[in-house]
Amino acid sequence: MGIKKTVSVLGLGRMGSALARALVEEGYDVTVWNRTPKTIEHTRTAATPQEAFQSDVVVTCLSTYDVQQPLLTNEIKVLVNLTSGTPEQARQTARWAEENGVEYVDGVILAVPQQIRTEQARILFSGNENHHVLHAFGEPVHVGEDAGLAALHDLALLGIMWATFGGYVQAVALMGSAGVKPAQFTPMAMDWLGEMTTHLPEMGAVTESGNYETDVSALDINVSGLRLLTEANEQQGLDATIPRALHSVFERAQRLGHGNHSIASIIEGIRK
């Protein structure tokens, strides 16, 4: 068995700390650095980022790219970037790495800190197919050569999560305004969500084909339904920002002439 690479972790928030501990558990020689001094058991603490750059691999898990960018230098041999950002920020960092002779891996973590190094953790990465130390955190999944694709997948999936959680909490508030407890309503919501996800493959195929003909539930009916949902929330004394925003998106597609088409046709308004 060969000697394990030395690895530095920059950024010791909840996630960065979990990554550093996972590397220790995998047997790596780990150095850590944080803007506010912090120690992790069985690691060395670097006084400066430059000291951390002496490792074979540098893993960054910082709050933003604006924090990360000033720290980067061509002293880094391999940069595994797990800092959250936009696809274009990832691409810019990949271009910087290429110009400076730094091997670059861009990744996102589909897990909470407590799930790191478990079967629940998936690490999406893009660009360079050599995932280096990502296996220490979870299952590495390469999503494409474009360095921005990992961030794009991350934000797309989080968008689904945020929309789902936002819709659920809005529904709980609406039901609660009539005295219905979450424990009463949630099982029905879970069954409903399970049923809804079965329609996603067909909906995705329809958005790709552009054939929005339907004999099920036309957009016009759903625009009317969202208007009623918005009014009901307002009448119950609730903030209606979420249903109002959805009504606006659906109504835009209706104005584009998709009233008799399927819900999938709202993508035409989103694309435009």
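Q: Would you mind showing me how to read the overall build of the chain here?
A: Counting its secondary structure elements, the chain contains ten helices and eight strands. Computed over the C-alpha atoms, the radius of gyration of the chain is 23 Å, more than 25% above the 19 Å expected from 2.2 N^0.38 for a compact globule of 272 residues. Along the longest, intermediate and shortest principal axes, the C-alpha atoms of the chain span 65 × 45 × 35 Å. By the burial criterion, 40% of the 272 residues in the chain qualify as buried. In the chain, the share of contacts with a sequence separation of at least 24, taken over all contacts with a separation of at least 6, comes to 49%. For the chain, the exposed area adds up to about 15200 Å²; of that, 55% sits on carbon and sulfur atoms. One way to put it: in the chain the 19 positive side-chain charges average out to a point 6 Å from where the 31 negative ones average out.

Q: Could you clarify how one ought to interpret the side chain of His258 in this entry?
A: In this structure, His258 sits in helix H9 (residues 241–258). Within the structure, His258 has its side chain in polar contact with the side chain of His261 (distance 2.9 Å). Once residues within four sequence positions are removed from consideration, His258 is found in contact with Tyr212, Leu219, Ala253, Ser265 and Glu268.

Q: Looking at this structure, how should I read the sheet that holds strand S3 (residues 44–45)?
A: The strands that make up a sheet pair up through hydrogen bonds in the backbone, lying either parallel or antiparallel. Here we have eight strands laid out as an open sheet, ordered S3-S2-S1-S4-S5-S6-S7-S8, and mixed in their pairing. Each having just a single partner strand, S3 and strand S8 (139–142) make up the two edges of the open sheet. As defined by bridge partners, strand S1 (residues 6–10) adjoins strand S4 (residues 57–60) across four bridges and the pair is classed as parallel. Looking across to S4, one finds that Val7 is bridged to Val57.

Q: How do you make sense of empty space enclosed by the protein when you look at a structure like this?
A: The gaps left among the atoms become clear once a water-sized probe is rolled over them. Across all of its chains, the model carries one cavity of 30 Å³ or more by this definition. For the largest cavity, the calculated volume is near 30 Å³. Residue lining of the largest cavity: Tyr65, Thr83, Ser84, Gly85, Asp106, Gly107, Val108, Ala151 and Asp154, and that is the complete set. Contributions of two or more residues to the lining of the largest cavity are made by strand S6 (103–110) and helix H5 (149–176). For the lining of the largest cavity, the residue count by class is three nonpolar, four polar and two charged.

Q: Just to check I follow, could you spell out unusual backbone geometry for this structure?
A: Trans peptide bonds make up the majority, and among non-glycine residues the majority have a negative phi. A positive phi is found at His42, a non-glycine position, where the angle reads about 70°. Summarising the element assignment, His42 is placed in the loop between strand S2 (29–33) and S3. The phi dihedral of Arg117 falls on the positive side, at around 70°, and the residue is not glycine. With respect to the helices and strands, the residue Arg117 is situated in the loop between S6 and strand S7 (122–127). Its relative accessible area of 37% is what places Arg117 among the partly exposed residues.

Q: Explain the packing of H5 against helix H6 (residues 182–197) to me, please; I cannot follow it from the model alone.
A: In helix packing, the relevant descriptors are the interaxial angle and the interaxial distance, both defined with respect to the helix axes. Packing of H5 against H6 leaves a shortest axis separation of 10 Å and a crossing angle of 140°. It follows that H5 is oblique to H6 by the angle criterion. Relative to H6, the crossing made by H5 is right-handed. Contacts between H5 and H6 pair Thr164, Tyr168, Ala171, Val172 and Met175 from the former with Pro182, Phe185, Thr186, Ala189 and Leu193 from the latter. A per-class count over the contact of H5 with H6 returns eight nonpolar, two polar and no charged.

Q: Sorry if this is basic, but what is going on with the packing of helix H8 (residues 219–235) against H9 here?
A: Contact geometry of H8 with H9 gives a least axis separation of 9 Å together with a crossing angle of 155°. The angle between H8 and H9 places the two elements in the roughly antiparallel class. In this structure, the crossing between H8 and H9 has a hand that is left-handed. Contacts from Leu219, Asp220, Asn222, Val223, Leu226, Arg227, Leu229, Thr230, Asn233 and Glu234 in H8 reach Pro243, Arg244, Leu246, His247, Phe250, Glu251, Ala253, Gln254 and His258 in H9. Classifying every residue of the contact of H8 with H9 by side-chain character gives eight nonpolar, six polar and five charged.

Q: What should I look at first to understand the pairing of S4 in this one?
A: Along any regular strand the residues' side chains alternate between the sheet's two faces. Both faces of S4 are covered, namely the face carrying Val57 and Val59 and the face carrying Val58 and Thr60. As paired elements, S4 and strand S5 (residues 78–81) share three bridges and run parallel to each other. Residue pairing in the sheet places Val58 in a bridge with Leu79 of S5.

Reading guide: rules and limits
Residues numbered from 1 in each chain as written. Predicted model: local features only at pLDDT ≥ 70, side-chain atom pairs only at ≥ 80, totals over all residues. Heavy atoms only, no water. Helix = DSSP H or I, 4+ residues; strand = E, 2+ residues; numbered from the N terminus. Rg over C-alpha atoms; globule rule 2.2 N^0.38 Å. Buried < 20%, exposed > 50% of the residue type's maximum accessible area, 1.4 Å probe, protein only. Contact = heavy atoms within 4.5 Å. Areas by Shrake-Rupley, 256 points an atom, 1.4 Å probe, with all protein chains shown as cover. Lys, Arg positive; Asp, Glu negative; His and termini not counted. Charge placed at Lys NZ, Arg CZ, Asp CG, Glu CD. Polar contact = N/O pair within 3.5 Å; in protein donor to acceptor, adjacent residues only side chain to side chain. Pairing = 2+ DSSP bridges. 1 Å grid on protein atoms, 1.4 Å probe; cavity = no way out; pocket = protein on both sides within 12 Å on 5 of 7 lines; lining within 4 Å. Points joined across faces, edges and corners; volume = space filled by probe spheres on them. Nonpolar A, V, L, I, M, F, W, Y, C, P; charged D, E, K, R; others polar. Axes fitted to C-alpha atoms, helices over the stretch in contact; angles between N-to-C directions. Parallel < 35°, antiparallel > 145°, perpendicular 65-115°, else oblique. Left-handed = near helix turned anticlockwise from the far one by under 90°.

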